[in-house]
Amino acid sequence: MNKKTLVIYISIAILLLAGIAAGVIFLYKGDDSGKKAMSRVDVAEHFPLLQAVPSDAAAIFCAGNLKDGSALFTDGTKVFDVLLSDGKFHPCVDFFRTLEEEMDGALSSLRSQPLAVSLHYSGSIVPLVVVSVPRTCTDSTAQVLALREAADSNGMKSCFYSSENVSAVLVSTSETIINSSVRHQDSGMSILSDKDFSQS
């Protein structure tokens, strides 16, 4: 290789590295103009079910409605199937399958209600499912009973919780996590109270 070829190759390498550096800088530069972080109140208004999630949650998933959320958690091609297919999560996946089956029947008036699923570490990863139950629903008692029966038939624990902010059925494989959610709500604490969560 002669000197001229070596200079050309080095020049091309430098240009490529400069292009890559410019691309990285452009893609990752912080452009916060016009963007404002949501306050705790804004988050609570947009995602009211987060008020039922204890502050020790390791991960949180929110779905705009029960129908889409159930489909997401039971679809075998999604990451949730891999995450929730562990032996301890199997009742949770079965619970969502039961909800899908009853979506056109007993749970038809809940299909448009929001859903939140949080994962907690309690010796192992334990899910908490929060399903909103509207206060204006004429057959809300039947809806709560249908949700609790679906949980019970899949070996999960459940309870109905209602406060001025949240009216929901809490479902988990661990009664401890459900009690933690109720305790946190009674004391006005939730994942929204966690400063690390509110900053992200």
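In what follows, the accompanying structure is described.

### What to know about the overall build of the protein
- Of regular secondary structure, the protein possesses 8 helices and 5 strands.
- The secondary structure elements of the protein, listed N-terminal to C-terminal, are α-α-β-α-α-α-β-β-α-β-β-α-α.
- Here the contacts in the protein between residues at least 6 apart in sequence split such that 62% fall between residues at least 24 apart.
- In the structure as shown, the protein presents an accessible area of about 11600 Å², 57% of it carried by carbon and sulfur atoms.

### Section: the packing of helix H3 (residues 66-74) against helix H5 (residues 90-102)
- Packing of H3 against H5 leaves a shortest axis separation of 9 Å and a crossing angle of 135°. With respect to H5, the element H3 is oriented oblique. Taken as a pair, H3 and H5 cross one another with a handedness that is left-handed. Packed against H3, whose contacting residues are Leu66, Ser70, Ala71, Phe73 and Thr74, the element H5 presents Val93, Phe96, Arg97, Leu99 and Glu100 at the interface.
- When the residues that make up the contact of H3 with H5 are grouped by side-chain class, the tally is 6 nonpolar, 2 polar and 2 charged.

### Focus on the sheet that holds strand E5 (residues 167-172)
- Pairing in this open sheet of 5 strands is antiparallel, and the strands run E1-E2-E3-E5-E4 from one edge to the other. A strand with exactly one partner marks an edge of an open sheet, and here the two such strands are strand E1 (57-63) and strand E4 (157-162). Going from strand to strand, the sheet's axes swing by 20° on average, the running direction of each strand aside.
- Across the face of the sheet, H5 comes into contact with strand E2 (115-121), strand E3 (125-132) and E5 while running at roughly 20° to E3.
- Set on the sheet, helix H6 (residues 140-153) makes contact with E3, E4 and E5; between it and E4 the angle comes to about 155°.

### What to know about the nonpolar core
- One finds Phe95, Phe96, Leu99, Leu115, Val129 and Leu147 to be the most contacted residues of the largest nonpolar core, which totals 23 residues.
- Where this core is concerned, the elements lending two or more residues are H3, H5, E2, E3, H6 and E5.
- Beyond its immediate stretch of four places on either side in the chain, phenylalanine 95 contacts Val129, Leu147, Ala150, Ala151, Asn154, Met156 and Val171.
- Leu128, Val130, Val166 and Leu170 belong to the second-largest nonpolar core, a separate cluster that totals 14 residues.

### Comments concerning the pairing of E4
- Where E4 lies against E5, 6 bridges are found, and the strand directions are antiparallel. Along E5, the bridge assignment pairs serine 162 with serine 167.
- With antiparallel pairing between neighbouring strands as the criterion, E4 and E5 make up a hairpin whose turn holds 4 residues.

### Re H3
- Along H3, the positions that sit buried rather than exposed are Leu66, Gly69, Ser70, Phe73 and Thr74. The buried residues of H3 all sit within an arc of 120° when viewed along its axis, so they share a single face.

### Observations regarding a nonpolar patch on the surface
- Taken together, Leu17, Ile20, Val24, Phe26, Leu27 and Tyr28 make up a surface patch of nonpolar side chains, about 750 Å² in accessible area.
- Mapped onto the elements, isoleucine 20 comes out in helix H1 (residues 3-28).

### Overview of helix H7 (residues 175-186)
- Spanning 12 residues, H7 covers 16 Å between terminal C-alpha atoms, matching the ideal 16 Å at 1.5 Å per step.
- Buried residues of H7: Ile177, Ile178, Ser180, Ser181, Val182, His184 and Gln185, and no others.
- Buried residues belonging to H7 abut E2, E3, E4 and E5.
- Among the residues of H7, the N-terminal cap falls to serine 174, whose side-chain oxygen and the backbone nitrogen of threonine 176 are separated by 3.2 Å.

### As for the pattern of salt bridges
- Considering all chains together, one arrives at 2 salt bridges under this definition.
- Taking the shortest distance from any N to any O, the salt bridge between aspartate 94 and arginine 97 comes out at 3.6 Å. Linking aspartate 94 with arginine 97, this pair stays in helix H5, spanning 3 residues, or about one helical turn.
- Relative accessible area serves as the criterion here: at 27%, aspartate 94 is assigned to the partly exposed category.
- According to the relative accessible area criterion, arginine 97 is partly exposed, its value standing at 33%.
- The closest approach of N and O atoms between arginine 111 and aspartate 104, which form a salt bridge, is 3.0 Å.
- Look at arginine 111 and you get partly exposed, because its relative accessible area is 29%.

Quick notes on the rules
- Residues numbered from 1 in each chain as written.
- Predicted model: local features only at pLDDT ≥ 70, side-chain atom pairs only at ≥ 80, totals over all residues.
- Heavy atoms only, no water.
- Helix = DSSP H or I, 4+ residues; strand = E, 2+ residues; numbered from the N terminus.
- Contact = heavy atoms within 4.5 Å.
- Areas by Shrake-Rupley, 256 points an atom, 1.4 Å probe, with all protein chains shown as cover.
- Axes fitted to C-alpha atoms, helices over the stretch in contact; angles between N-to-C directions.
- Parallel < 35°, antiparallel > 145°, perpendicular 65-115°, else oblique.
- Left-handed = near helix turned anticlockwise from the far one by under 90°.
- Nonpolar A, V, L, I, M, F, W, Y, C, P; charged D, E, K, R; others polar.
- Pairing = 2+ DSSP bridges.
- Core = buried A, V, L, I, M, F, W, Y, C linked by side-chain atoms within 4.5 Å.
- Buried < 20%, exposed > 50% of the residue type's maximum accessible area, 1.4 Å probe, protein only.
- Arc of directions from axis to C-beta.
- Patch = residues over 30% accessible without salt bridge, like charges linked within 9 Å, V, L, I, M, F, W, Y side chains within 5 Å.
- Salt bridge = Lys/Arg side-chain N within 4 Å of Asp/Glu carboxyl O.
- Expected span 1.5 Å × (residues − 1).
- Polar contact = N/O pair within 3.5 Å; in protein donor to acceptor, adjacent residues only side chain to side chain.

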